[in-house]
There are 2 protein chains.
Amino acid sequence: MWPGEAHSLKVEKILFQGKSDYQEILVFESTVYGKVLVLDGIIQLTEADECAYQEMIAHLPLCSIPSPKTVLVIGGGDGGVLREISRHSSVETIDICEIDKLVIDACKQFFPDLSVGFEDPRVRLHVGDAVEFLRNASEGAYDAIIVDSSDPIGPAQELVEKPFFETIARALRPGGVLCNQAESMWLHTHLIQDMLSICHEVFKGSVRYAWTSVPTYPSGVIGFILCSKDGSPVDFVNPVNPIERIKGITLKSKKDLHFYNSEVHKAAFALPSFAKRELSTLTRATTMLGATLTS
Amino acid sequence: MWPGEAHSLKVEKILFQGKSDYQEILVFESTVYGKVLVLDGIIQLTEADECAYQEMIAHLPLCSIPSPKTVLVIGGGDGGVLREISRHSSVETIDICEIDKLVIDACKQFFPDLSVGFEDPRVRLHVGDAVEFLRNASEGAYDAIIVDSSDPIGPAQELVEKPFFETIARALRPGGVLCNQAESMWLHTHLIQDMLSICHEVFKGSVRYAWTSVPTYPSGVIGFILCSKDGSPVDFVNPVNPIERIKGITLKSKKDLHFYNSEVHKAAFALPSFAKRELSTLTRATTMLGATLTS
């Protein structure tokens, strides 16, 4: 995912090394980023900067719709996204479908500030394949679906392909939203273009790209694709359900938000000119293609 | 500046190695970031992402005031900031004070897309010490001063201290603005706090912190402090002189802006909650102290 460069964190101590049916898992104590989770050699999170990723991927979608009640997380076995969703008192059920039990177990042992998310009584854990899970889900079951996948190699390969997005769209109620991890605007433009193109075709509603700063990810940024379904436009840029107005954080770990706020939410959609050009040309092309096909 | 971690770019070919009176200079061809300029072992710029830094440090201040005419650049020997300033047709003179002639010469040889900035006939080059230069400058000579310094170790040490900011304030006209390189909000909070505290004391006008994504800088971000003088508040967040309305880019290299636009300008001031807390507490404390001292 990052040819010709390397980002190295000093390992103070290796805390865990394991191999599941899906990937190699490593947990180590770093010098300045706290504990670090690595899957197949790729940094997934560090204690020092996980706040940016977890808070953005959860609150960008959940603050964009009024009173989300049913939420599905795909991936996210560390529990950090659950922790963030649990701040939303309107939410009634949080399903999570993670394929790799060993990730969950390792995180419960070494990342209690993240795995605390599993302690929310609204959480229902499903260990298994996401595509399979979505096929069995009721149509329109979810207000929000958050895809917290690893990079699209290994077990997450399927999660950037069209059939996957079709099952997502099916499981989303009208007015519901998807937030999907969507790589770096500096490094992976083609992959983002492909995902945006598929999302436009499948969802036919609002489709937006947002990004944020995560120091330990390649190029120091990570992006998100937000989608709503045909006939249910969502103004993703201006949160209708601002986090500052949400009362009653229900988890034990009542830590303040470290990264996300409504200003940061809006700012995340401001794209550098190069990204705007590359991604909007595509949007127009897809829209024109869509128009041709349906006319 | 970056303990416990390393960011490595693969060196395809070393193009230049030299030692000036001030620092060691290295230019190499990397695998994916194009040519790279390194001073005393710290990456200063790469061809792939220099756009973000150069465009932001130049246009954040110049788009915040109507019709800037006289501009001073401190540091910036690569010429990239000059290239960006030259897009502003209102500008009549661009002084640049760079201490290290060898940086300028190396960049003229290896970074023609940056050093093209020196070809603007409005540019007047002064090779020498910035503090000395500012002491000799007329009071109120400049509409905008841009401090494009390297990290505050080595030749740039003085450039984060109070006497330096006092000479800047003196050289700035009422209504003029300073934009100063201001490190990473993830890594250098204390340094930023110190700089903000000094700026509040010295400038007593508007003081704001902005940030942007630059993949090859530590933690993938870089910040900027923007200041105006006492009695001349400037709304830095909402550009009064938006770049989209500026006609007549005068340089040979009429490349489109790669990164900066008015949306990105506004978004740069949206601080993550942790940075907001750490930097605004300081702002209040300083303001309170200022009030006590002057009452």
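Residues numbered from 1 in each chain as written. Chains lettered and ligands numbered in written order. Predicted model: local features only at pLDDT ≥ 70, side-chain atom pairs only at ≥ 80, totals over all residues. Heavy atoms only, no water.

Peer 1: Which parts of the structure should I look at to understand the side chain of Arg87 of chain A?
Peer 2: Tracing the sequence through the fold places Arg87 of chain A in the loop between helix 2 (80-85) and strand 7 (93-98). Looking at Arg87 of chain A, its side chain comes within polar contact range of the side chain of Glu84 of chain A, at 2.7 Å. (Helix = DSSP H or I, 4+ residues; strand = E, 2+ residues; numbered from the N terminus. Polar contact = N/O pair within 3.5 Å; in protein donor to acceptor, adjacent residues only side chain to side chain.)

Peer 1: Teacher, can you tell me more about the confidence of the model for chain A here?
Peer 2: A low pLDDT score tells you not to read the predicted coordinates there in detail. All names here are of chain A. Predicted confidence across chain A gives a mean pLDDT of 90, with 89% of residues reaching 70 or more. Note that residues 283-295 has pLDDT below 50 and, in this model, 3 contacts with residues that lie over four places away or in other chains. Here the complex is predicted with pTM 0.92, and the ipTM for its interfaces comes to 0.91. (pLDDT = per-residue confidence, 0-100. Contact = heavy atoms within 4.5 Å.)

Peer 1: Before we go on, may I ask you to explain the relation of the copies chain B and chain A in this structure?
Peer 2: One copy of the chain maps onto the second through a rotation about an axis and a displacement along it. Expressed as a screw transformation, the operator carrying chain B onto chain A has a rotation angle of 180° and an axial translation of 0.0 Å, and the superposed copies differ by an RMSD of 0.0 Å. Here the transformation between the copies is reduced to the relation of a two-fold axis. (Least-squares fit on C-alpha atoms with pLDDT ≥ 70 in both.)

Peer 1: For this particular structure, what's the right way to read the pairing of strand 3 (residues 24-30) of chain A?
Peer 2: For a regular strand, side chains alternate in direction, first toward one face of the sheet and then toward the other. All names here are of chain A. In this sheet, strand 3 lies alongside strand 2 (residues 11-19) in antiparallel orientation, the contact comprising 7 bridges. In the strand pairing of strand 3, Lys13 is matched with Glu29. Connecting strand 2 to the next strand, strand 3, in antiparallel fashion are 4 residues. As paired elements, strand 3 and strand 4 (residues 35-39) share 5 bridges and run antiparallel to each other. Residue pairing in the sheet places Ile25 in a bridge with Leu39 of strand 4. Counting the residues that bridge the hairpin from strand 3 to strand 4 gives 4 residues, and of these Gly34 lies at a positive phi of roughly 70°. (Pairing = 2+ DSSP bridges.)

Peer 1: Can you help me understand the packing of helix 6 (residues 162-171) of chain B against helix 7 (residues 189-203) of chain B in this one?
Peer 2: Helix packing geometry: the angle between the two helix axes and the distance between the axes. Residue and element names in this part refer to chain B. Put simply, helix 6 and helix 7 touch, their axes get as near as 10 Å, and they point 40° apart. Classified by the interaxial angle, the pair formed by helix 6 and helix 7 is oblique. For the crossing formed where helix 6 meets helix 7, the hand is right-handed. Touching Lys162, Phe165, Glu166, Ile168 and Ala169 of helix 6 are Met195, Ile198, Cys199, Glu201, Val202 and Phe203, all from helix 7. Partitioned by chemical class, the residues of the contact of helix 6 with helix 7 number 8 nonpolar, no polar and 3 charged. (Axes fitted to C-alpha atoms, helices over the stretch in contact; angles between N-to-C directions. Parallel < 35°, antiparallel > 145°, perpendicular 65-115°, else oblique. Left-handed = near helix turned anticlockwise from the far one by under 90°. Nonpolar A, V, L, I, M, F, W, Y, C, P; charged D, E, K, R; others polar.)

Peer 1: Explain the sheet that holds strand 2 of chain A here, please?
Peer 2: Strand pairing in a sheet relies on backbone hydrogen bonds, with the paired strands running either antiparallel or parallel. All names here are of chain A. Read from one edge of the open sheet, 4 strands run 2-3-4-5, paired in antiparallel fashion. Here the strands that pair on one side only, and so sit at the sheet edges, are strand 2 and strand 5 (42-46). Averaged over neighbouring strand pairs, the angle between their axes works out to 25° when direction is ignored. Along the sheet, helix 3 (residues 101-110) makes contact with strand 2, strand 3 and strand 4, crossing strand 2 at roughly 150°.

Peer 1: Mind showing me how you'd approach the environment of His258 of chain B here?
Peer 2: Among the structural elements, His258 of chain B can be located in the loop between strand 12 (221-229) and helix 8 (262-267). Residues His258 of chain B and Phe111 of chain B, spaced 147 residues apart in sequence, show a C-alpha to C-alpha distance of 17 Å. Aside from chain neighbours lying at most four places away, what touches His258 of chain B is Pro272, Ser273, Phe274 and Arg277 of chain A together with Cys51 and Glu55 of chain B.

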